[in-house]
Structures are given as C-alpha cells and as structure tokens.
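Coordinate inspection notes
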Amino acid sequence: MRCANCGNELKEGSLYCDACGHPVQIVPDYNEFDDYLDNLVGNDDRSTDEQKTVGSVSDKTIRFDQAAREQFYNTSQPTGQNRDRTSKSEMQQVKQTQERQSQGRQMSEKPQSDRQREKSAQQKRMIIILVVCVISIVILVVIVTNNVRKSHESSFDYQVKQAEEAYESGDTNSAVSYYEKALSIDSDNTDVMYKLADIYMGKKDYDAALILYQEIINVDSKSEEAYKKLISIYESKKDYDAIVSLRDGAKDKDILKLFKDYVVSEPEFSKSSGKYGETFELSISADKNAKIYYSYDSDNPLSRGEKYRNPISLDREGTYEITAVAVDERGIKSEIASARYEIEFEAPKAPEVDPDGGTFGAQTDITITVPENCKVYYTWDSSDPTAASTEYTAPIPIPEGNNVLSVIAIDQRTKKTSDIYRSRFEFYMDGQ
C-alpha cells in the first residue's frame, strides 16, 4: 500500500508515512446495511471524521514541516560531515516531534470519535427496534384480519346480514353468494332457503328455485307455501306428471287438499267383484271428459289395454281380471281400478213330472214343467236322455206296459244339464 500524499510504499501496520508523516487512512470493512442505516438517519460521521482527520493532520503536518525546515535552515549552516550529522539529527528530532504531535491528536480525537460511533450505534439500534416493531404490528394486523375473516366466514348471522344488505342494494349476485354460504353453515334453515328461492324466481331461474323448494319440503313436509310454489312452477311448465308425483309423496291431509284440481277419480264398474252364475255385460264409468282404458289380463291398462267404448260382455264361464284407468285432457291419470269376476253357470233344476210314476188302469197323460231357458228331453227305455232324445213339447200319454220314464233339462244358454229324473209307470187296460 502507498501513501495517499507522497506515494511512498508504506509498511504493513504503519499509521503514518515514514517519508512525509501523512497519516494512513484505514478503510473499515464495508457493510451495506450500515450504510443504509447511516443514510436513513442522515449520519455521515465516519466519512466526515475521516475527512476531517485526514485534512487536519495533513494541514498540520505540512505546516509543521515548513516550520521545522525554517528552524533547521536558520540555526546554523555547517559544512561537510558536520552538516550531514546535524541534518540527520535534526530530521530525527523532526520525526519524533511529528510522532508526538500525531499521538496527541489521536488521543484528543479518539474520545470524540468513540462518542460519535456510540451515538450512531444507538441510532441504528433504535431503527432496528422500530423496524422490528413495525413488522410485528403488520404481522399482528394480518393475523387479526385473517381471524376476523375466518370468523365471518363461519358466522351464519354475518352471512345473512351481508346477503340482506347486498339484496337491498340491488346486488343479487352477491346476495346469492352470501345466502349460499349461510346454507353451507346451516343447511336446514328454511328461512334462508325461501329468500334464496325468491331471488331465483325473480331471475327466472326456475330450476334452481325448484331444488330449494324441494329441500324445504324435505326439511318441513307440512310447508304449504313450498308446495304451492312447486305446483305453480310445474303448472307453468305443463308438467302434470311432476304434480302427480309431488301429490303422491304428500301425506298430510291439508297438503293433499292443495291437489284437488289435479286428481282424476278412479273408474267405477257396474258390478262389484264376485261370483256369478250367469253371463252379463260390464259397464265402466269415469269423470266427465276423461278417457277410459281397460284390460282383461294386465295391471297396466294404459299401455297394454284398449280404449273403452261399449259395455264389456262376460259371456263365458271362467275368471275375469278387469283393470281400468281414467285419463283427463291434461294427461293426468287416475289410480288404476280393478275387479275380479268368477262366472260359473248353474245347472238347471230337474224337471218336475206329474204324475210322478205309478200303476194306472186307464189312459193318463204326463205333464212336465220346463225350467226357464231350458229344453226338456226324455226316454222310456231307462237310457239317459240327451239333446238327441225326444223333446218334450206337450203332455205325454203313458204307454201301455211297464216302462221307465227318464227326463233331463238342458239350459240353452249355458248348455248345463239338470239331474236326470227317473220313474216307473205301469199301465194296463182294464180286462187285460
């Protein structure tokens, strides 16, 4: 390292230049943060002190050198070796004098420099403490803000209040958002559901409103207002199947009254279910303007049956399962009505014969009572009569001799036969 004043090479650890006596400027380690703090507090003491020190030392050194030289040249002017010895001696004295003066200045300047550094250090500490306090306050504010925000997010009352304020100000989108947050906290609150559904209705978002009214019914199955709203929406959509489904899910008597205009009565049959011994025609009736569909063998007469137009003829023996449904002009269907009929024809009673057998000595006619809807057939040879036998149409004279009369009645509608009547008739002419 060289002297900043004369350029002389300096020895390591020297405080002053050996040649000119100029103090060596020692540059401390550089610290950006210290510079930042110095600039922040407006403290340039280190550079100022160094400049002052360098300046004062340099100035005094120069003045001292001039005085020493004048003293050296004004005292005596020896020649030769004496001059050389005198010159060396004087130079040593000058150097010693400079060192004493430099040490004196260092001693006087050191307390002042220490005080300045202590003051600067205190200022730096205060700034650091202030910065830490500010950072701590900012962190605290952030934490408190987050806690308040989380508290609001989990507060049902806060969300409802914000929703109401947003709605009153005309900001329906924000109102919807706040109401939905409130429902996420209390999912069964029907008051909030109604308010949110009303907003959706106002925005004509009927699908979203339908979901909310359905949720209200799930929570409160006796909510007439929710049922009325749903019926109104379905009616506007002509979705009568949805109305019927809604009606089918209702259990409360007062709620069911709301659907009185959406009920189609079951069809009615002219004969009640049961056993019958004869054929008959079955009539089916329903509400005015309702169409009737029926089936003999299906539980779904609408899809697998036929349209009713005229009475149904049950004209054969057997079992009939009749189902019927009525459908009005809106497509609303009634409950399915059903009836079961068992038709088993009765056999006719055995014919009544008069006289009822015996022995006769004179010619006698036999009379047979024919049951309704029947024909009567008979034989005289003890064989079983059939429809191919002799038909009874008028009184029969008893034939002469010992004969067995067999009689049967056959129902012409059902083809059922009566039990066979049998009796012995003996007839002999007098004198034989």
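If you're wondering where the values come from, they're calculated on a predicted model, not measured in any experiment.

Topic: the pattern of salt bridges
Two side chains of opposite charge can pair, provided their charged atoms sit close to one another. As enumerated under the stated definition, the model contains 14 salt bridges in all. R340 is the partner of E342 in a salt bridge, and the nearest nitrogen-oxygen pair spans 3.6 Å. The exposure class of R340 is partly exposed, given its relative accessible area of 40%. Connected via shared salt-bridge partners are E321, R340 and E342.

Considerations on the packing of aromatic side chains
Applying the stated criterion to the full structure yields 11 aromatic pairs. Between Y227 and F259 the ring centres are 6.2 Å apart and the planes differ by 85°, which places this aromatic pair in the edge-to-face class. Pair noted here: Y227 is in helix 8 (residues 224–236) and F259 is in the loop between helix 10 (253–256) and strand 1 (268–269), with a separation of 32 residues, a long-range link. The buried category is assigned to F259, whose relative accessible area is 0%. One aromatic cluster is present, built from ring pairs that chain together Y294, Y296, Y308 and Y320. Between the NZ or CZ atom of K271 and the centre of the ring of F280, over which it lies, the distance is 5.2 Å. Sitting over the ring of Y240, R330 keeps its end group 5.7 Å from the ring centre.

Details of the packing of helix 8 against helix 9 (residues 240–249)
Packing of helix 8 against helix 9 brings their axes to within 8 Å, and their N-to-C directions diverge by 160°. As the angle between them shows, helix 8 and helix 9 are arranged roughly antiparallel. For helix 8 against helix 9, the interelement crossing comes out left-handed. Every residue of helix 9 that contacts helix 8 at Y227, L230, I231, Y234 and E235 is listed here: Y240, A242, I243 and L246.

Describing the nonpolar core
If you look at the biggest cluster of nonpolar residues, it comprises 42 residues, and the most contacted ones within it are Y213, L246 and F259. When contributions to this core are tallied by element, the ones reaching two or more residues are helix 4 (156–168), helix 5 (172–185), helix 6 (190–202), helix 7 (206–219), helix 8 and helix 9. For F259, the residues in contact, after removing those within four places along its chain, are Y227, I231, I243, L246, R247 and A250. Counting 17 residues, the second-largest nonpolar core is a separate cluster that includes Y294, Y308, I312 and A337.

Some words on the environment of Y341
Residue position: Y341 is located in strand 9 (residues 337–343). Take Y341: its relative accessible area is 0%, and that puts it in the buried class. Between the alpha carbons of Y341 and G318 there is a distance of 8.2 Å; along the sequence they are 23 residues apart. For Y341, the side chain forms a polar contact with the main-chain oxygen of K271, separated by 2.4 Å.

Rules behind the numbers
- Residues numbered from 1 in each chain as written.
- Predicted model: local features only at pLDDT ≥ 70, side-chain atom pairs only at ≥ 80, totals over all residues.
- Heavy atoms only, no water.
- Salt bridge = Lys/Arg side-chain N within 4 Å of Asp/Glu carboxyl O.
- Buried < 20%, exposed > 50% of the residue type's maximum accessible area, 1.4 Å probe, protein only.
- Phe/Tyr/Trp six-rings, centres within 6.5 Å; stacked < 30°, edge-to-face > 60°.
- Helix = DSSP H or I, 4+ residues; strand = E, 2+ residues; numbered from the N terminus.
- Lys NZ or Arg CZ within 6 Å of the ring centre and 35° of its normal.
- Axes fitted to C-alpha atoms, helices over the stretch in contact; angles between N-to-C directions.
- Parallel < 35°, antiparallel > 145°, perpendicular 65-115°, else oblique.
- Left-handed = near helix turned anticlockwise from the far one by under 90°.
- Contact = heavy atoms within 4.5 Å.
- Core = buried A, V, L, I, M, F, W, Y, C linked by side-chain atoms within 4.5 Å.
- Polar contact = N/O pair within 3.5 Å; in protein donor to acceptor, adjacent residues only side chain to side chain.

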